[in-house]
Amino acid sequence: MAQPSPDHLLNHIDGRWVPSQTGAVRPNLNPANTDDVIGEFTESGAKDATAAVDAATAAHREWDVIGPIERAKALTVAARLIGERRDEFAEAITREQGKRLSESKGEVSRSLAILDFTIGEARRINGVTTPAEEPRTLAMTFRRPLGVVGLITPWNFPVAIPMWKVAPALVAGCTAVLKPSPLTPWTSALLVQAFADAGLPPGVLNLVQGDRDPGEALVADPRVAGISFTGSLPVGQAINRAGAGRLMRTQLELGGKNALIVLADADLDAAVDAIVHGAFGQSGQRCSATSRVIVDRSVRDKLLNILLPRVQAMRIGRGDQEWADIGPVVNDERLRACLAAVEGAVAAGARVACGGKEATLDTPGYFVEPTVLTDVAWDSEIAQEEVFGPVLSVIDCEGYEDAMRISNSVKYGMSGTIFTQNPSLMFQALHDFQAGMLHVNRPGVGAYSHLPHMGAKASQLGAPECSPDVWDFYTDLRSACIRY
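From a predicted model like this one, the values you see are computed outputs, not experimental measurements.

The rules behind each value
Sequence order as written defines residue numbering, which begins from 1 separately in each chain. The predicted nature of this model means local features are confined to residues of pLDDT at least 70 and side-chain atom pairs, given and counted, to a pLDDT of 80 or more, with totals for whole chains, interfaces and linings taken over all residues. Side-chain figures throughout are based on the complete set of non-hydrogen atoms in the structure, without hydrogens or water. Cavities and pockets are defined on a 1 Å grid built over the protein atoms alone: a cavity is a set of grid points where a 1.4 Å probe fits but cannot escape, while a pocket is an open set with protein on both sides within 12 Å along at least five of seven lines, and lining residues are those with an atom within 4 Å of any such point. Grid points are joined across faces, edges and corners, and a volume is the space filled by probe spheres set on the points. Under the grouping applied here, Gly and all other residues not named as nonpolar or charged are polar, the nonpolar ones being Ala, Val, Leu, Ile, Met, Phe, Trp, Tyr, Cys and Pro and the charged ones Asp, Glu, Lys and Arg. Strands are runs of DSSP state E lasting at least 2 residues, helices are runs of H or I lasting at least 4, and numbering of each runs from the N terminus. Two strands make a pair as long as DSSP finds a minimum of two bridges between them. Each residue is assigned to one of three classes by its accessible area relative to the maximum for its type, calculated with a 1.4 Å probe on protein chains only: buried under 20%, partly exposed between the two thresholds, exposed over 50%. Two aromatic rings from Phe, Tyr or Trp, using only the six-membered ring of Trp, form a pair when their centres are within 6.5 Å; if the ring planes differ by under 30 degrees the pair is stacked, by over 60 it is edge-to-face, and anything between is tilted. By definition, being over a ring means that NZ of Lys or CZ of Arg is both within 6 Å of the ring centre and within 35 degrees of the ring normal. Contacts: residue pairs with any heavy atoms within 4.5 Å of one another. A positive count includes Lys and Arg, and a negative count includes Asp and Glu. His and the chain ends are not counted in either. Any Lys or Arg side-chain nitrogen located within 4 Å of an Asp or Glu carboxyl oxygen qualifies as a salt bridge. The patches reported here contain residues having more than 30% relative accessible area and no salt bridge. Joining distances are 9 Å for like charges and 5 Å for nonpolar side chains (Val, Leu, Ile, Met, Phe, Trp, Tyr). Accessible areas in this description were obtained via Shrake-Rupley with a 1.4 Å probe; residue shielding takes into account the shown protein chains only. A fitted line through C-alpha atoms serves as each axis, taken over the contacting stretch for helices, and the angle formed by two N-to-C directions is quoted from 0 to 180°. Working definition: roughly parallel below 35 degrees, roughly antiparallel above 145 degrees, roughly perpendicular at 65 to 115 degrees, and oblique for all remaining angles. Definitions for this section: a left-handed crossing has its near helix turned counterclockwise from the far helix by less than a right angle. A right-handed crossing has that turn clockwise. Here the nonpolar core consists of buried residues drawn from Ala, Val, Leu, Ile, Met, Phe, Trp, Tyr and Cys, with membership extended through side-chain atoms lying within 4.5 Å.

Visitor: When you look at empty space enclosed by the protein in this model, what are you seeing that I'm missing?
Guide: Vacant regions in the atomic arrangement are exposed by a probe of water-molecule size rolled over the atoms. Tallied over the entire structure, the rule returns four cavities of 30 Å³ or more. The volume enclosed by the largest cavity comes to roughly 100 Å³. G284, A289, S291, V387 and F388 are, among the 15 residues lining the largest cavity, the residues nearest its centre. Partitioned by chemical class, the residues of the lining of the largest cavity number six nonpolar, six polar and three charged. Estimates place the volume of the second largest cavity at around 70 Å³. Forming the boundary of the second largest cavity are 16 residues, of which R292, S407, Y412, G413 and S415 lie nearest the centre. Elements represented by at least two residues in the lining of the second largest cavity include exactly strand 13 (258-262) and strand 18 (412-413).

Visitor: In this structure, what is going on with the pairing of strand 5 (residues 33-43)? I would like to understand it.
Guide: For a regular strand, side-chain orientation follows a simple rule: the groups alternate between the two sheet faces. Taken together, the two bridges between strand 1 (residues 8-9) and strand 5 define a ladder with parallel strand orientation. By the bridge assignment, H8 is partnered in strand 5 with E40. In the sheet, strand 4 (residues 24-30) pairs with strand 5 via seven bridges, with the strands oriented antiparallel. The residue bridging L29 from the neighbouring strand is V37, located in strand 5. The hairpin turn running from strand 4 into strand 5, its antiparallel successor, is two residues long.

Visitor: Which parts of the structure should I look at to understand the environment of D332?
Guide: Positionally, D332 belongs in helix 11 (residues 332-347). Given a relative accessible area of 34%, D332 falls into the partly exposed group. Residues D332 and P31, 301 residues apart in the sequence, show an inter-C-alpha distance of 8.4 Å.

Visitor: Would you mind showing me how to read the packing of aromatic side chains here?
Guide: Geometrically, a pair of aromatic rings is defined through the distance of the ring centres and the angle of the planes. Inspection of the entire model under this criterion finds two aromatic pairs. Ring plane angle 85° and centroid distance 4.7 Å describe the contact between F473 and Y474, whose orientation is recorded as edge-to-face. For F473, a relative accessible area of 1% corresponds to the buried category. By relative accessible area, Y474 is classed as buried at 0%. Seen from the ring of F157, K99 lies directly overhead, with NZ or CZ sitting 4.3 Å from the centre. Lying over the aromatic face of W378, R405 brings its terminal NZ or CZ to 4.8 Å of the ring centre.

Visitor: What am I meant to see in the environment of T187 here?
Guide: Along the polypeptide, T187 turns up in helix 6 (residues 185-197). Considering only alpha carbons, one finds T187 and A92, 95 residues apart in sequence, at a separation of 5.7 Å. Contact partners of T187, with chain neighbours within four places excluded, come to F89, A92, I93, E96, P158 and V159.

Visitor: Would you take a moment to explain the side chain of R334 for this structure?
Guide: Looking at the element boundaries, R334 is found in helix 11. Among buried charged residues, R334 stands out as having no salt bridge; its nearest opposite-charge side chain is E333, 5.2 Å away. Contact partners of R334, with chain neighbours within four places excluded, come to W155, Q285, V329, V387 and F388.

Visitor: I'm lost on helix 7 (residues 212-220) in this one. Help?
Guide: Note: α-helices contain 3.6 residues per turn, so residues at a spacing of three or four share the same orientation. Turning to helix 7, its buried residues are P214, G215, A217, L218 and V219. Buried positions along helix 7 lie against helix 1 (46-65), strand 8 (148-152), strand 9 (175-179), strand 11 (224-230) and helix 8 (233-244).

Visitor: Explanation requested: a nonpolar patch on the surface in the structure shown.
Guide: On the surface, a nonpolar cluster with roughly 300 Å² of combined accessible area is contributed by L138, I482 and Y484. As for its position among the elements, Y484 is in the segment after strand 23 (475-483). With a relative accessible area of 57%, Y484 lands in the exposed category.

Visitor: Sorry if this is basic, but what is going on with the packing of helix 9 (residues 268-280) against helix 10 (residues 300-312) here?
Guide: Geometrically, a packed helix pair is captured by the angle between its two axes and the distance between the axes. Closest axis-to-axis distance for the helix 9/helix 10 pair is 10 Å, and the angle between their directions is 45°. Here helix 9 is positioned oblique relative to helix 10, judged by the angle of their axes. Every pair of crossing elements has a handedness; the one defined by helix 9 and helix 10 is right-handed. Contacts from L268, D269, A271, V272, D273, I275, V276 and F280 in helix 9 reach K302, L303, I306, L307, R310 and V311 in helix 10. Its residues placed into classes, the contact of helix 9 with helix 10 shows ten nonpolar, no polar and four charged.

Visitor: Just to check I follow, could you spell out the packing of helix 2 (residues 67-84) against helix 6 for this structure?
Guide: In the contact formed by helix 2 and helix 6, the axes pass within 8 Å of each other and the chain directions differ by 130°. The orientation of helix 2 relative to helix 6 falls into the category oblique. Judged by the twist between their axes, the crossing of helix 2 over helix 6 is right-handed. Note on element contacts: helix 6 touches helix 2 through L191, A194, F195 and D197, opposite L75, A78, L81 and I82. Partitioned by chemical class, the residues of the contact of helix 2 with helix 6 number seven nonpolar, no polar and one charged.

Visitor: Looking at this model, I keep getting lost on the pairing of strand 9. Mind explaining?
Guide: Strand 9 sits mainly inside the fold: five of its five residues count as buried. Here strand 9 shows a buried face lined by T175, V177 and K179 and a second buried face lined by A176 and L178. For strand 8 and strand 9, the ladder comprises five bridges, and the chain directions are parallel. Residue L151 lies in a different strand from strand 9, and its bridge partner there is L178.

Visitor: Looking at this model, I keep getting lost on the sheet that holds strand 7 (residues 137-145). Mind explaining?
Guide: Reading across from one edge, 6-7-23 is the order of the three strands in this open sheet, with antiparallel pairing throughout. Across the chains shown, the open sheet's two edge strands, defined by having one partner strand only, are strand 6 (129-130) and strand 23.

Visitor: What is the right way to look at the nonpolar core in this model?
Guide: The tendency in soluble globular proteins is for nonpolar side chains to be buried side by side. Ranked by size, the top nonpolar core spans 57 residues in total, and within it I82, F195 and Y474 carry the most contacts. With ten residues, the single largest contributor to this core is helix 5 (residues 160-172).

This is how it looks when you write it as structure tokens:
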């Protein structure tokens, strides 16, 4: 099959590339150069989502029957094709999402690692055998595919996040409708094409481009047994409410307001390395980004003396410029949100130690200076709410207990990080953090492909992703007793 052209991107339904029934299209812009119109993509409506669910429903029985080991063979072919097309994927990510090319290549590599892990898990979708209460009886459990699932994904990891939903859905025997962000339609089309070229039967994996309407239609369709969603807390809450009446299963990975604690005995150079990587990598547009540094007052000034020159020296550029240290945010809405957050923080008493403004380059784009705010009150809005951009708040504390109190004061619980040389406090922190992904003396981002990607509190609902526990979302557990 021909590769999708970025000039005119369509839906992929029942094995064919088709325009939306609305007839509408939307432009796809390069966030690092808005004069670069990559192309246009079809703007879907509810009828397109319904057609995709029709196809997924019709394909489900055939896909279920062949079993997980045979299903994984198609994914193995897809992995080879994606590896061969690595550069094309990376170019698409950088051009339509904005991240630096090295980051885009890293995302493709991580996606392949996730796919490799999931393929291996195909032979371990296990049940158990247990003692029976009666003689000559076998008691056992086993798993069955959930059915048709809707996969709604964001723009910040346009290959990795769809991959960690699509791969387990397909191995489990589900058929799927992928509804990606309208900010990354090209990358999503490349991914679906790779799976189609790998030999998936028509209707097993469908793609519906567009914004809110097709997503709402997926949630409302009674044939959709589950929705896996990654995105903002308000949208995740809306999905959960909408599906609750029919007991629709949900897997929700939501926002984060992640803390990196620096205690008085910390290796400050190593901490700064982790802070810069966690706060400003991918322009801070990660659910696990380091958005708060909670530092002991006794080493605060020493930390800032190392951190601020590093941040001020960061070079802002397009993702395809190898020398750039930080790229654009994804669109004008995100740029305005970052600037508004800084303005609100200053009004509440914080000080801009560096950055805080829109950056102007030789091409029109959405660039925000990497920003460090100091004198931030732990309970202020900037310290409590997600910014999703290159804006870091530095909050003072008095020792471990105060640091952990501040860290846990937010409604989110995606990741938690601590820098200390005290072995006792290292392990105490693992107990005390109210967060899903924990780090000691390393950056608070960059989870391994085989460790659960998960949060706590308002950051997560449902089974974690990227782990054997994901089968609790994509399959139903059955029990059986057999008299012989």
